[in-house]
Amino acid sequence: MKLDSAYKGISGISQTEIELELKDSNDFNLTPAIAVEPIQPVIADSPQKQQSVLVVFGTTFVTIFLAEIGDKTQLSTLLMSAESHSPWVVFIGSAAALITTSLLGVLLGSWIASRLSPKTIEKSAGVMLLVISLMLFWDVFQG
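Not measured: the values here are computed from a predicted model. Chains are numbered independently. Their residues run from 1 in the order of the written sequence. Residues qualify for local features only when their pLDDT is at least 70, as the model is predicted, and side-chain atom pairs are given and counted only at 80 or more; totals for whole chains, interfaces and linings, by contrast, use all residues. Hydrogens and waters are ignored; side-chain quantities use all the structure's heavy atoms.

For the rest of this paragraph, the subject is the overall build of the protein chain. Regarding its fold elements, the protein chain presents five helices and zero strands. Along the chain direction, N to C, the helices and strands of the protein chain fall in the order α-α-α-α-α. Think of it in three bands: with a 1.4 Å probe and only protein chains considered, a residue is buried below 20% of the maximum accessible area for its type, exposed above 50%, and partly exposed in between. Across the 143 residues in the protein chain, those meeting the buried criterion constitute 3%. Counting only contacts in the protein chain whose residues sit at least 6 apart along the sequence, the fraction spanning at least 24 positions is 40%. Here the Shrake-Rupley method, with its probe set to 1.4 Å, supplies the accessible areas, and only the displayed protein chains count as covering residues. Roughly 13100 Å² of accessible area belongs to the protein chain as shown, and the carbon and sulfur atoms make up 70% of that amount. The secondary structure listing takes helices from DSSP runs of H or I that are at least 4 residues long and strands from runs of E that are at least 2 residues long, numbered from the N terminus. We call two residues contacting when some pair of their heavy atoms lies within 4.5 Å.

What follows concerns the confidence of the model for the protein chain. Any segment with low pLDDT has predicted coordinates that should not be analysed in fine detail. The predictor reports its confidence for every residue as pLDDT, a score running from 0 up to 100. The predicted model of the protein chain has a mean per-residue pLDDT of 78, with 65% of residues at 70 or higher. Mean pLDDT values over the elements of the protein chain span from 52, in helix α1 (residues 15-25), up to 94, in helix α4 (residues 87-115).

Moving on, we come to the layout of surface pockets. Think of a 1 Å grid over just the protein atoms. A cavity is a set of points where a 1.4 Å probe fits yet cannot get out, a pocket is an open set with protein on both sides within 12 Å along at least five of seven lines, and lining residues have an atom within 4 Å of a point. Grid points are joined across faces, edges and corners, and a volume is the space filled by probe spheres set on the points. As a volume, the largest pocket reaches approximately 680 Å³. Contributing to the lining of the largest pocket are 18 residues, with Phe-61, Ile-64, Phe-65, Glu-68 and Leu-98 lying nearest its centre. Broken down by secondary-structure element, the contributors of at least two residues to the lining of the largest pocket are α2 (53-68), α3 (72-84) and α4. Broken down by element, the residue count for the lining of the largest pocket peaks at seven residues, all from α4. Among the residues forming the lining of the largest pocket, the class breakdown is nine nonpolar, seven polar and two charged. Forming the walls of the second largest pocket are Gln-51, Val-56, Thr-59, Thr-60, Gly-105, Val-106, Gly-109 and Ser-110. Residues belonging to the lining of the second largest pocket are distributed by class as follows: two nonpolar, six polar and no charged. Polarity classes work like this: nonpolar for Ala, Val, Leu, Ile, Met, Phe, Trp, Tyr, Cys and Pro, charged for Asp, Glu, Lys and Arg, and polar for all others, with Gly in that last group.

So, on to α3. With 13 residues, α3 should cover 18 Å at 1.5 Å per step; its first-to-last C-alpha distance of 18 Å lies within 8% of that length. Positive phi appears at His-85, one or two residues downstream of α3, with a value of about 60°. Under the convention used throughout, the expected extent of a helix is 1.5 Å for every residue step, that is, one less than its residue count.

Residue His-85 is not a glycine yet carries a positive backbone phi of 60°. Tracing the backbone through its elements, the reader meets His-85 in the loop between α3 and α4.

Below you can see the structure in the form of structure tokens.
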């Protein structure tokens, strides 16, 4: 639907066309036509609410920041920085690596989202996290 067109109901006829048809059917009405304001199109809300850029950025930043604190990547970076005595080179290398892996995740995620429904993606992610959790518990109990 064009955004500048009048809203058409279920019958496919706009409100303006109905008013003109009614006016034509009343031949005895000889008064000049009243200017009719164009009806603004109704844009239905999408099922998912659009989030502001700042909310998406903030949520992503906090989630990834908390997930990365104390993980293997941070510990590896700490050790490499201590060994090399070039902390800025290690910082640039680790930052480039994290940006690259994040880019791959975003590209893969957008490709998957274009092919699968959000419900399927949520269920698949839940199953994968459950399997990973069970594997971790199995490793703990084994040894």
